[in-house]
Amino acid sequence: MPELPEVETIKRSLAPKIIGKIIREVKIYLPKIVKNTDLEEFIRRVTGKTIESLNRRGKYLLIGLAGGEILTVHLRMTGKLLVLPRGTPKDKHTHAIFDLGDVELHFNDIRQFGGFSFDLPKLGPEPLEEAFTLTYLKEKLNPSKKNLKAFLLDQKIIAGIGNIYADEILFAAGLSPKRLAATLTEVEAEKLYNAIRAVLNLGIKHRGTSIRDYVDSENRQGGFQHLLKVYGKSGALCIRCNSKIIRERHAGRSTHFCPNCQK
DNA sequence: CGTAGACCCTGGAAGC
DNA sequence: TGCTTCCAGGGTCTAC
């Protein structure tokens, strides 16, 4: 579900509520949410640890534990992390509860794709940090054989962009998702670079996009869904040129764009 | 190296 | 009304 702006919003709402708290007990109701580690070992490595930090890398949340270990969380499509009063009963889709004393952290995930790990895969640079430069983007565009949709979704190239923001970025840049990455001109590469930063920053400013399931740690929806220009708009008229927005499948994902003004 | 498709799941919407 | 089909914001694996 959540992409960079949603995970960033969750991080900001969650951090003041959990940093400094001690994980007194962990209950796992669905063992497969613990990835790459034996369940008993996972519980042992987490229990009794103070939460010292909360960071984001791409679409991952990084929970820094006393002693230096980092617990990573990926919410995939429908995962939620909710801070609730002590004793709140679990619901049908609550798969883990972290007892933090006065509050509990509930991991809730309808589709059961998300989970916890002590590993973090290799990811490209953060698009809103200094490491992501126009020069870097051009260096990656040039040899790539992917179309722009697949290029933006590749977490090893840039971390954190998902299906919604990829479509919105390409609209903002005036570029077709079908366009091959290596064919961009200097000017187009710069447009893409600026669109990536502008759209993601705007998404964060509006606290993410809530289309179906996304909420932050206080169960609040985002507001960026009201500002979408192409995602979910197939059949509607393009705000720039009045042509019909279409939907096609690219890179295995539903892709929305204006066939007239996205070149 | 690249991509296309299957897959992990549940549930809501749309089609018949 | 009820049954079926399609669709969903992600990432990983396999096959080619």
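The shown structure was predicted, so the numbers you read here are calculated from the model rather than taken from an experiment. (Residues numbered from 1 in each chain as written. Chains lettered and ligands numbered in written order. Predicted model: local features only at pLDDT ≥ 70, side-chain atom pairs only at ≥ 80, totals over all residues. Heavy atoms only, no water.)

If you check the backbone angles, arginine 76 has positive phi at about 45° while not being a glycine. Among the secondary structure elements, arginine 76 is positioned in the loop between strand S4 (70-74) and strand S5 (79-85). Of the residues examined, arginine 76 reaches a relative accessible area of 44% and is grouped as partly exposed. (Helix = DSSP H or I, 4+ residues; strand = E, 2+ residues; numbered from the N terminus. Buried < 20%, exposed > 50% of the residue type's maximum accessible area, 1.4 Å probe, protein only.)

What follows covers helix H6 (residues 186-205). Between its terminal C-alpha atoms H6 stretches 29 Å, which fits the 28 Å expected from 20 residues at 1.5 Å a residue. All buried positions along H6 are accounted for by Glu188, Ala189, Leu192, Tyr193, Ala195, Ile196, Val199, Leu200, Gly203 and Ile204. When H6 is viewed along its axis, its buried side chains cluster within an angular range of 160° and face the same direction. Residues of H6 that are exposed and point over 90 degrees away from its buried face: Glu186, Val187 and Lys205. Elements in contact with the buried residues of H6: helix H1 (4-18), helix H3 (134-141), helix H4 (148-153) and helix H5 (163-173). In the segment just after H6, arginine 207 is the residue with positive phi, at about 65°. (Expected span 1.5 Å × (residues − 1). Arc of directions from axis to C-beta. Contact = heavy atoms within 4.5 Å.)

In the neighbourhood of DNA strand C, 23 residues make up the surrounding shell, with Arg76, Arg212, Tyr214, Arg253 and Ser254 lying closest. Here DNA strand C approaches the protein such that, of its atoms within 4 Å, sugar and phosphate make up 52%. Side-chain polar atom of tyrosine 231 to a phosphate oxygen of DNA strand C: 3.0 Å apart, as the coordinates give it. In the model, a phosphate oxygen of DNA strand C is placed 3.0 Å from a nitrogen or oxygen of the arginine 247 side chain. (Near = heavy atom within 4 Å. Polar contact = N/O pair within 3.5 Å; in protein donor to acceptor, adjacent residues only side chain to side chain.)

Further remarks concern the protein's contact with DNA strand B. Every residue near DNA strand B is listed here: Lys32, Lys92, His93, Ile110, Arg111, Gln112, Phe113, Lys145 and Lys146. Backbone atoms, meaning sugar and phosphate, make up 65% of the atoms of DNA strand B lying within 4 Å of the protein. Isoleucine 110 is positioned with one of its backbone polar atoms (N or O) 3.4 Å from a sugar or linking oxygen of DNA strand B. Contact between DNA strand B and lysine 146: a phosphate oxygen at 3.2 Å from a side-chain N or O atom of the residue. Grouping the constituent residues of the surface near DNA strand B by class yields two nonpolar, two polar and five charged. (Nonpolar A, V, L, I, M, F, W, Y, C, P; charged D, E, K, R; others polar.)

So, about the domain arrangement of chain A. One can read the domain layout of chain A as domain 1 (4-117) and domain 2 (134-257). Measuring from the centre of the C-alpha atoms in domain 1 to the corresponding centre in domain 2 gives 29 Å. Of the residues lining the interface, 19 residues belong to domain 1; the matching set on domain 2 comes to 20 residues. Both faces considered, domain 1 and domain 2 share a buried interface measuring about 1,600 Å² in area, 62% of it formed by carbon and sulfur atoms. The three residues of domain 1 that bury the most area against domain 2 are Pro5, Glu6 and Thr9, which together make up 31% of that side's buried surface. At the junction of domain 1 and domain 2, the tally comes to one salt bridge. (Domains from an automatic or database assignment. Buried area = accessible area lost by both parts, 1.4 Å probe. Salt bridge = Lys/Arg side-chain N within 4 Å of Asp/Glu carboxyl O.)

Attention shifts here to the environment of asparagine 201. Residue placement: asparagine 201 occurs in helix H6. Along the chain, asparagine 201 and leucine 84 lie 117 residues apart, while their C-alpha atoms are 29 Å from each other.

A separate point is the sheet that holds strand S6 (residues 94-99). Strand order in the open sheet made by the four strands is S1-S6-S7-S5, with antiparallel pairing throughout. The open sheet has two free edges, formed respectively by strand S1 (25-28) and S5, since each of these has just one partner strand. Direction aside, the axes of adjacent strands within the sheet are offset by 15° on average. The pairing of S5 with strand S7 (residues 103-109) spans seven bridges and is classified as antiparallel. Its bridge partner being in S7, glycine 79 is matched across the sheet by aspartate 109. Against the sheet, H1 engages S5 and S7, with an angle of about 35° to S5. (Pairing = 2+ DSSP bridges. Axes fitted to C-alpha atoms, helices over the stretch in contact; angles between N-to-C directions.)

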